[in-house]
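Examination of the molecular architecture
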Amino acid sequence: MKKLLIFSLVGFMAQLMDGALGMGFGLSSSTILLAYGMAPAVASASIHLSQIATTAASGFSHYKFGNVDKRLVLTLALPGGISAFTGAALLSWVPGDLIRPYISIFLLGLGVYVVIRFLLMSRTKPLKSEKKPFRRRFLFPLGFLGGFLDAVGGGGWGPVNTPVLLSSKGILPRKVIGTVDTSEFIVTLSATAGFLLFLGWEELSWLLVLAFVIGGVMAAPLAAWLVKKLPPVVLGVAAGGFIILTNSRTLLTYAPWNEQTLYIIYSLLITGYAAAVVFSIRTYIKLHRHPHTETRLKKAQF
């Protein structure tokens, strides 16, 4: 019962982050599960099975709040679904102990990218009107890459697609988040099918799946509503920093250094994490209190 409550809370926070930022469920949850010693394939399979329910709830919620660009959903999701199935097949055949450090390196890199992206977000020019839709030759490879990394790393669909679509400035930010979350449902189905086919039902952590479903479904409507209200700059930096911290700890266990050296390194990482979060909060507050920065405030809120 205690584990159910803990993982339900993790699922709630992960989905709240994912629904508000367009990324985070797979990254944060897989980071925690890998840190607990779960095999990468089992962790990713359990996460994706639970995401069938959470992405469905999230997609429906975003659709009801008008946060979805229908033209882009299938264009992103179809190549993403194909590559997600391929990635699940690959991960199922690779020994967990062999691939674990490489998955942590991948997640660590995405964490760094997320932090940098959200720290620089307040400098980007806000989009006030939508342009013509993206071309398929741009969206197909983007969706294919995101789907593959999502299956292999337990998370990657949002971190790949959301920042790229935001930086292209061709769609309103709230619709970027809603569209990425909605299209993830198809990617999740494909990845789950691949894991079940090549890994089997018996390998899944059903307690974990149930807990993530409970927490994630509860958070999905709230996240869709808050997507227009929350300061993503602060949440993005906090989420990315957490991913960096946890995966750094995993990688440091493979290092041949003594405990004192590891303690110093991890202390420096925690200090840097805290400094980044404080900086993002101060930046947001400064913009919020400035008497003539309505436009700049909008930049901090996408």
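Each value, and the rule that gives it
- Residues numbered from 1 in each chain as written.
- Predicted model: local features only at pLDDT ≥ 70, side-chain atom pairs only at ≥ 80, totals over all residues.
- Heavy atoms only, no water.
- Helix = DSSP H or I, 4+ residues; strand = E, 2+ residues; numbered from the N terminus.
- Areas by Shrake-Rupley, 256 points an atom, 1.4 Å probe, with all protein chains shown as cover.
- Phe/Tyr/Trp six-rings, centres within 6.5 Å; stacked < 30°, edge-to-face > 60°.
- Buried < 20%, exposed > 50% of the residue type's maximum accessible area, 1.4 Å probe, protein only.
- Patch = residues over 30% accessible without salt bridge, like charges linked within 9 Å, V, L, I, M, F, W, Y side chains within 5 Å.
- Salt bridge = Lys/Arg side-chain N within 4 Å of Asp/Glu carboxyl O.
- pLDDT = per-residue confidence, 0-100.
- Contact = heavy atoms within 4.5 Å.
- Axes fitted to C-alpha atoms, helices over the stretch in contact; angles between N-to-C directions.
- Parallel < 35°, antiparallel > 145°, perpendicular 65-115°, else oblique.
- Left-handed = near helix turned anticlockwise from the far one by under 90°.
- Nonpolar A, V, L, I, M, F, W, Y, C, P; charged D, E, K, R; others polar.

Here's the deal with the overall build of the chain
Check the secondary structure of the chain and you find 12 helices and zero strands. Its helices and strands in sequence order give the chain the pattern α-α-α-α-α-α-α-α-α-α-α-α, from N to C terminus. Carbon together with sulfur atoms contributes 68% to the accessible area of the chain, which is approximately 14200 Å² in total.

Considerations on the packing of aromatic side chains
Per the counting criterion, the structure on display carries two aromatic pairs. Relative to Phe 212, the ring of Phe 25 lies with its centre 5.8 Å away and its plane at 80°, an arrangement referred to as edge-to-face. Placement of Phe 25 in helix 2 (residues 25-35) and of Phe 212 in helix 9 (residues 206-226) is noted, with a sequence separation of 187 residues between them. Residue Phe 25 shares its accessibility class with Phe 212, and that shared class is buried.

Some thoughts on a nonpolar patch on the surface
The grouping of Phe 85, Trp 93, Leu 197 and Phe 198 at the surface amounts to a nonpolar patch, some 460 Å² of accessible area in total. Of all the elements in the fold, those that place two or more residues in the nonpolar patch are helix 4 (70-93) and helix 8 (173-198). Inspection of the secondary structure puts Phe 85 in helix 4. Classification of Phe 85 by relative accessible area gives partly exposed; the value is 31%.

With respect to the confidence of the model for the chain
Across the chain, the average pLDDT comes to 79, with 85% of residues at 70 or higher. Averaged pLDDT values for the elements of the chain fall to 46 in helix 12 (residues 294-300) and rise to 89 in helix 4. Note on residues 293-302: pLDDT is under 50 here. Beyond four places in sequence and across chains, it has 26 contacts.

A word on the side chain of Thr 54
Mapped onto the secondary structure, Thr 54 falls in helix 3 (residues 40-64). If near-sequence neighbours (up to four positions away) are discounted, Thr 54 is found in contact with Gln 15, Phe 25, Phe 212, Val 213, Gly 216, Val 217 and Ala 220.

So, the packing of helix 3 against helix 4
Contact pair helix 3 / helix 4: the axes reach a minimum separation of 12 Å and the direction vectors enclose 170°. When the axis of helix 3 is compared with that of helix 4, the two are roughly antiparallel. Here helix 3 and helix 4 pass one another in a crossing that is left-handed. In contact with Pro 40, Ala 41, Ser 44 and Tyr 63 of helix 3, helix 4 contributes Lys 70, Leu 91 and Ser 92. Partitioning the contact of helix 3 with helix 4 into residue classes produces four nonpolar, two polar and one charged.

A word on the environment of Gly 194
Residue position: Gly 194 is located in helix 8. You can call Gly 194 buried: its relative accessible area is 0%. Along the backbone, Gly 194 and Ala 151 are 43 residues apart, and their C-alpha atoms lie at a distance of 9.2 Å. Once you skip the residues sitting within four places of it in the chain, Gly 194 turns out to touch Phe 85, Ala 88 and Leu 199.

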